[in-house]
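Okay, here's what each chain looks like letter by letter:
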Amino acid sequence: MKKAFEVKNQSILDSAELILNEIKAIGADEGETWVSRNVLTELYYELGKISMVRTVFSDKVSVKLLKDKRKGTVNLNSFDPADIKQAVADAWQAAQSAAPDEAEGIAELQENASFNSGEEKPDLDLMYQQLTDLLADTKQDFPKISFDSIGVEHTYSERLYANTNGVRLSEEQGLYQLINMFMAKDGDQTSSFNYFGTVYDDPSERVAEAGRVRRILDETQRQIVTEQIEGSFTGDLVITPGCLENFLWYVGDTYLQDGAMISGTSPWKEKLGEQVASTLVNVELVAEHPELPGTSKLSGDGYVAENMSLIERGVLKNFSLSRYGAAKTGLKRSANSGSTMVFGNGQTSLEDMISGVEKGILLGRFSGGQPSPSGDLSGVAKNSFLIENGKVTKPLSEVMIAGNLGDMLRDTVAVSQERENSGYWLLPWIRVSKVTISGK
Amino acid sequence: MLQDHLHDYIKRFGFTGYTELRAQENRNRAVAMLNGSLVSNSSGVSRGVSARVVKGGAYGFASATGYGDDIEAIAQIVRSASQNATFLDRHVQRGQPDFAPVQPFTRTDGLEHDVPVEQSYLLSVVDELDSYIAERFPKLLSRRVFARVLNMEKLLYTSDGVVSHSFVPRSNIYTIMTTQDQDGQPVELYKVLGGYGNFPEKFKNAEEFFEKLEKQYELLMQKAEGVYAKPGIQTVILDSDLAGILAHEAVGHTVEADFVQTGSVGGPMFGKQVASEKISLVDIAHTAFGELAPVPVFVDDEGTPAQDQMLIENGILTGYMHNKESARKFGHEPNGNARAYEFSDEPLIRMRNTCILPGTDKLEEMIASVEDGYFMTDMNNGQADSTGEFMFGVPMGYEIKNGKLGRAIKDTTVSGVAFEVLKTADMVSDTVTWTNSGMCGKKQMIPVGMGGPAIKVKINVGGRA
């Protein structure tokens, strides 16, 4: 929720004001700081038992200052005034040796504001109940699933961005998160490991009742005995939502974000406003969404983030550039350079999508190398099934896929009506054609 | 250097029950240049105190930033950890006894390497390397040079009477060059310099590395004219970097005792043949082949003195890596594999320096023995599975045709099932090299060393049809 600027923890505000005063006093032209106070409460399960309760109190401070467009940055985890003064002095010293960069700067003056969401205090008893419920529900409904680890976490943070232009933005957020790793076992045989992560506001929800969680547990349980395929062929991938999130992260890194754009390696660097993907592809970065509690309202460079379309009906609408990346490339700063994503759902039911595949893979997880700058990628199809003549036939192992990210978006031939929600993303299944699939 | 305020706390309050108390400071520096622009120029300190208390088999952990002579602040952290253990013990009532006490000892390691490093020195070295690349290779599409320093200092007291104060420095420079192939597509190659040691020790003079930059450019030009590898099972010589990551990712994770208990393939294979008899694999604690290993661990974060852990001996799976709890469960001795990354992290079972031991073959003879296959020289990432199935990214390699190196290949991926691939290892070279830039992720990150000789195997290549 947006409200007038206020900071609950006075020591955060005091530290930020001290830093800005020190930045001015030392002779810098401009500067900025992030100051936060964070508490993590974790209940941890491993090796068949709830093993640990963990509490982490952490203060974080970052300082950036500029002198004649020369930059120095220091990070520390102390609000001690002596440590803060030393940090500013260290940043000043670093800036002295730096080469000037005209693209450097800080966020311009804007409306100061604060945002808050979630609860400050965790309910440890409810977290314990939630964890024991997940274990009991899984044991009953998916008895072959064996969890390697489960972390039920509550994080609370209050963070402030402040700079010498007068910008003051703060965000207070309390969030529950469940992370895990598991496999299915039957005697000495095991499936590949798998995982799902989810963020949420309410720890009284039963995790194993969510459709996405049940699907992943069910599929993993059917992957204990896998088969290999012979030879290579060109076929289709039906990419599951969690795996799609992995590919979209690669797309951001290879085509849209600061690194690829500044270095000039992005194959899409001249493609703004052009068709880069199938007309079925609609991708948006979101700062606010009623179904996604994991969104953040502040960008890393001191702006209020907004919802922003990346690709609309296959047309590249925006890059994902920070203030610096924009200045460096001569392009517009993006209204969102985060990673909370929504992929528009399509017109095809998942059932119809699979039934349209002559030969291909239902891709549960991709274990692959970092794509090359041209978008080429290859890796192993994990937690996956073979699709033959429109039917999911058998779980696979030792099958590799190879293709190109840009080609895959262009060769997207169907997007499912159904979507899954992790709290950070809302994504469908997509069907991609013309991918190299190779077995033994 | 961390002052010893923990001793003052213990003198006043002592320990109640099994407790590990740790002060830690991770110091990092980063300088990055992208096409001549300084995109990162930062330093950072992460400092704090943690306590872990065990009651009846239930662990309570607490930590907070800051570390100084405020003894009451340290006491508050220990109390929080104790309250957490009490909460959990009340719920789970496991009723386990404390760990068997170890003989008390005190030691310090690596503190002499804690020397001041100026940010300006990193900047000057990176700038010199970047300028050299820009002048010598003006046709590159892009270039990136970045330096990373991570110095980890830990002061550990345990209720058993173990006192360990250690300092482990790591300094690396990454150089990334990008050109275009004949189709105008970007082609990239990166190399890593440096390793264990503080930055001025590892990078006394930028000029010493110019020859390596020349070599990197030469390889990039070969790769720009490279071909896609053929998909499917191929005969491949994995050079040291790839053998090292195979040891770590594909085998190492499956024989961490926590993964074994969850159901990894390492469990049922204990005592069995899992590799050709030419393969021996060890997780080295701190010293190998008469020299300090890349990430030396002398005492782990549970206070266990670190020793080498043999994992595969002449092809037989003979050992697991443990913390105190898993060692007690298996009836094995812990050898110092419980490691934490930040002050706010609890120790987990982690590798230190995994290494396939050298054989007797010469690399040239190995290449000459391949009629149709590949020689893969570089790796860029790797992942492994509970089943032993793994993949590594391969950014550089060559065809081998009739015993001779042929054309370079474009980026590819190799995969397989570790124990099956290692059973096909019929040649092992006589020279081990280490990499010391890797970070392993498993709930927390942790620096690891990886090493090995070149090995000749049959492996699945993710090429293009």
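Being a predicted model, the structure only gives us computed values, none of them experimental.

Peer 1: Explain the overall build of chain B to me, please; I cannot follow it from the model alone.
Peer 2: Broken down by element type, chain B carries ten helices and 26 strands. Taken over C-alpha atoms, the radius of gyration comes to 24 Å for chain B, in line with the 23 Å a tight globule of 465 residues would show. Once the C-alpha set of chain B is aligned to its principal axes, its extents read approximately 70 × 55 × 40 Å. The proportion of buried residues among the 465 residues of chain B is 59%. Considering only contacts in chain B between residues 6 or more positions apart, those separated by 24 or more positions represent 74%.

Peer 1: Explain the environment of M427 of chain B to me, please; I cannot follow it from the model alone.
Peer 2: Residues and elements named next belong to chain B. Counting through the fold element by element, M427 comes out in strand β23 (residues 427-428). Residues M427 and K456, spaced 29 residues apart in sequence, show a C-alpha to C-alpha distance of 5.3 Å. Ignoring anything within four residues of it in the chain, the contact list for M427 reads D361, M366, S369 and K456.

Peer 1: Help me out: how do you make sense of the pairing of strand β20 (residues 396-401) of chain B in this one?
Peer 2: Side-chain direction in a regular strand flips from residue to residue, so the side chains alternate between the two faces of the sheet. All names here are of chain B. The element β20 is largely enclosed, with a buried count of five among its six residues. In this sheet, β20 lies alongside strand β17 (residues 372-378) in antiparallel orientation, the contact comprising six bridges. Across the sheet, residue F375 finds its bridge partner in β20, namely Y398. Inspection of the sheet shows β20 paired to strand β21 (residues 404-408) by three bridges, in the antiparallel sense. Across the sheet, I400 pairs through a bridge with L405, a residue of β21. Here β20 folds back onto β21, and the loop between the two strands holds two residues, one of which, N402, carries a positive phi near 50°.

Peer 1: Mind showing me how you'd approach the nonpolar core here?
Peer 2: If you look at soluble globular proteins, the nonpolar side chains tend to sit buried side by side. Residues V238, I239 and I361 of chain A together with V126 and L238 of chain B are the most contacted members of the largest nonpolar core, which totals 252 residues. Setting aside residues up to four positions removed in sequence, V238 of chain A forms contacts with M353, I354, V357, G360, L362, L363, I387, W429 and R431 of chain A.

Peer 1: Help me understand the interface of chain A and chain B, please; the structure alone is not making it clear to me.
Peer 2: Often, the extent of an interface is quoted as the loss of accessible area upon association of its parts. Contacts between the two partners involve 64 residues from chain A, matched on the other side by 67 residues from chain B. Residue contributions to the side of chain A that touches chain B peak at eleven residues, all from strand β3 (residues 49-67) of chain A. Looking at the side of chain A that touches chain B, its residues break down into 20 nonpolar, 29 polar and 15 charged. Inspection of the sheet shows β3 of chain A paired to strand β3 (residues 58-65) of chain B by six bridges, in the parallel sense. Its bridge partner lying in β3 of chain B, R54 of chain A is registered against F61 of chain B.

Peer 1: How do you make sense of the domain arrangement of chain A when you look at a structure like this?
Peer 2: Residues and elements named next belong to chain A. Taken domain by domain, chain A consists of domain 1 (2-221) and domain 2 (232-438). Using C-alpha coordinates to define each centre, domain 1 is positioned 25 Å away from domain 2. The partner domain 2 presents 23 residues to the 26 residues of domain 1 that form the contact. Taken together, the elements giving at least two residues each to the side of domain 1 that touches domain 2 come down to β5 (113-117), β6 (145-163), β7 (168-186), β9 (198-200) and α4 (211-221). Here the side of domain 1 that touches domain 2 is built from residues that sort into twelve nonpolar, eight polar and six charged.

Peer 1: So what exactly am I meant to see when it comes to unusual backbone geometry here?
Peer 2: Leaving glycine out, the prevailing phi sign among residues is negative, and the prevailing peptide bond configuration is trans. Residue and element names in this part refer to chain A. Positive phi, normally seen in glycine, also occurs at D68, with a value near 50°. Looking at where D68 falls in the secondary structure, it is placed in the loop between β3 and β4 (70-76). Overall, the presence of 11 C-beta atoms within 10 Å leaves D68 in the exposed class. Non-glycine residue E398 carries a positive phi angle of around 55°. Within the secondary structure, E398 is located in the loop between β19 (391-395) and β20 (400-404).

Peer 1: Please explain helix α1 (residues 10-26) of chain A as it appears in this structure.
Peer 2: With 17 residues, α1 of chain A extends 24 Å from end C-alpha to end C-alpha; this agrees with the ideal 24 Å at 1.5 Å per step. Residues of α1 of chain A that are buried make contact with β2 (30-46), β3, α2 (81-97) and β6 of chain A.

Peer 1: How should I be thinking about helix α5 (residues 210-224) of chain B in this particular structure?
Peer 2: A turn of α-helix holds 3.6 residues, and therefore any two residues three or four places apart point the same way. Residue and element names in this part refer to chain B. Its 15 residues place the ends of α5 21 Å apart at the C-alpha level, agreeing with the 21 Å of an ideal helix rising 1.5 Å per residue. By the burial criterion, the buried members of α5 are L213, Q216, Y217, L219, L220 and K223. An end-on view of α5 places all buried positions within 165° of arc, on one side of the element. Set apart from the buried face of α5 by more than 90 degrees, the exposed residues are E211, K215 and E218. Contacts made by the buried residues of α5 are with α3 (119-136), β6 (162-180), β7 (186-196), β20 and β21.

Peer 1: Would you take a moment to explain the domain arrangement of chain B for this structure?
Peer 2: All names here are of chain B. In terms of domain boundaries, chain B breaks down into domain 1 (6-224) and domain 2 (232-461). Relative to domain 2, the C-alpha centre of domain 1 lies at a distance of 22 Å. Counting residues at the interface gives 33 residues for domain 1, matched by 23 residues for domain 2. At the level of elements, β1 (18-34), β2 (37-55), β3, β4 (105-109), β5 (142-158), β6, β7 and α5 are the ones that each hand at least two residues to the side of domain 1 that touches domain 2. Here the side of domain 1 that touches domain 2 is built from residues that sort into twelve nonpolar, twelve polar and nine charged.

Peer 1: Please clarify how the packing of α2 of chain A against α3 of chain B should be interpreted in this entry.
Peer 2: Angle between the axes and distance between the axes: these two values describe a pair of packed helices. Where α2 of chain A contacts α3 of chain B, the axes come no closer than 8 Å and their chain directions differ by 25°. Taken together, the axes of α2 of chain A and α3 of chain B are roughly parallel relative to one another. Viewed along their axes, α2 of chain A and α3 of chain B form a crossing whose handedness is right-handed. Residues Q93, A94 and S97 of chain A of α2 of chain A touch α3 of chain B, and the partners they reach there are Q119, S120 and L123 of chain B. Looking at side-chain class alone, the contact of α2 of chain A with α3 of chain B contains two nonpolar, four polar and no charged residues.

Peer 1: Help me out: how do you make sense of the sheet that holds strand β16 (residues 353-356) of chain B in this one?
Peer 2: Residue and element names in this part refer to chain B. A sheet is described by the order of its strands in space; here six strands give the open sequence β13-β12-β9-β16-β25-β24, paired in mixed fashion. Each of the sheet's edge strands pairs with one partner strand only, and the pair in question is β13 (316-317) and β24 (433-442). In the sheet, strand β12 (residues 309-313) pairs with β13 via two bridges, with the strands oriented antiparallel. Residue pairing across strands places I312 opposite L317, the latter belonging to β13.

Peer 1: It is not clear to me how the environment of E371 of chain B should be interpreted in this structure. Could you clarify?
Peer 2: Residue and element names in this part refer to chain B. Within the fold, E371 resides in the loop between α9 (363-368) and β17. With 10 C-beta atoms counted inside 10 Å, the residue E371 sits in the exposed group. With 136 residues separating them in the primary sequence, E371 and T235 have C-alpha atoms 8.8 Å apart.

Peer 1: Explain the confidence of the model for chain B here, please?
Peer 2: Atomic detail in the predicted coordinates should be set aside for any region of low pLDDT. Across chain B, the average pLDDT comes to 95, with 99% of residues at or above 70. This prediction of the complex comes with two scores: 0.93 for pTM and 0.91 for ipTM.

Peer 1: Help me out: how do you make sense of the pairing of β20 of chain A in this one?
Peer 2: All names here are of chain A. Across the five residues of β20, five count as buried, placing the element largely inside the fold. For strand β17 (residues 376-382) and β20, the ladder comprises five bridges, and the chain directions are antiparallel. Looking at β20, one finds that S378 is bridged to A402. Sheet topology note: the β20/strand β22 (residues 425-438) ladder contains three bridges and is antiparallel. Directly across from I401, in β22, lies its bridge partner I437.

Peer 1: Help me understand the packing of helix α1 (residues 6-13) of chain B against helix α2 (residues 71-92) of chain B in this model?
Peer 2: All names here are of chain B. Two elements in contact, α1 and α2, have axes separated by 9 Å at closest approach and are oriented at 75°. As summarised for this structure, α1 and α2 are arranged roughly perpendicular, according to the angle between their axes. Contact residues: L6, D8, Y9, R12 and F13 in α1; I71, I74 and A75 in α2. Split by residue class, the contact of α1 with α2 holds six nonpolar, no polar and two charged.

Peer 1: In this structure, what is going on with the environment of S240 of chain B? I would like to understand it.
Peer 2: Residue and element names in this part refer to chain B. Turning to its location among the elements, S240 is positioned in helix α6 (residues 240-251). C-alpha separation for the pair S240 and A454, spaced 214 residues apart in sequence, amounts to 4.8 Å. If sequence neighbours within four positions are ignored, S240 has contacts with V432, T433, G451, G452, P453 and A454.

Cut-offs applied
- Residues numbered from 1 in each chain as written.
- Chains lettered and ligands numbered in written order.
- Predicted model: local features only at pLDDT ≥ 70, side-chain atom pairs only at ≥ 80, totals over all residues.
- Helix = DSSP H or I, 4+ residues; strand = E, 2+ residues; numbered from the N terminus.
- Rg over C-alpha atoms; globule rule 2.2 N^0.38 Å.
- Buried ≥ 20, exposed ≤ 12 C-beta atoms within 10 Å, placed from the backbone.
- Contact = placed C-beta atoms within 7 Å.
- Pairing = 2+ DSSP bridges.
- Core = buried A, V, L, I, M, F, W, Y, C linked by C-beta atoms within 7 Å.
- Nonpolar A, V, L, I, M, F, W, Y, C, P; charged D, E, K, R; others polar.
- Domains from an automatic or database assignment.
- Expected span 1.5 Å × (residues − 1).
- Arc of directions from axis to C-beta.
- Axes fitted to C-alpha atoms, helices over the stretch in contact; angles between N-to-C directions.
- Parallel < 35°, antiparallel > 145°, perpendicular 65-115°, else oblique.
- Left-handed = near helix turned anticlockwise from the far one by under 90°.
- pLDDT = per-residue confidence, 0-100.

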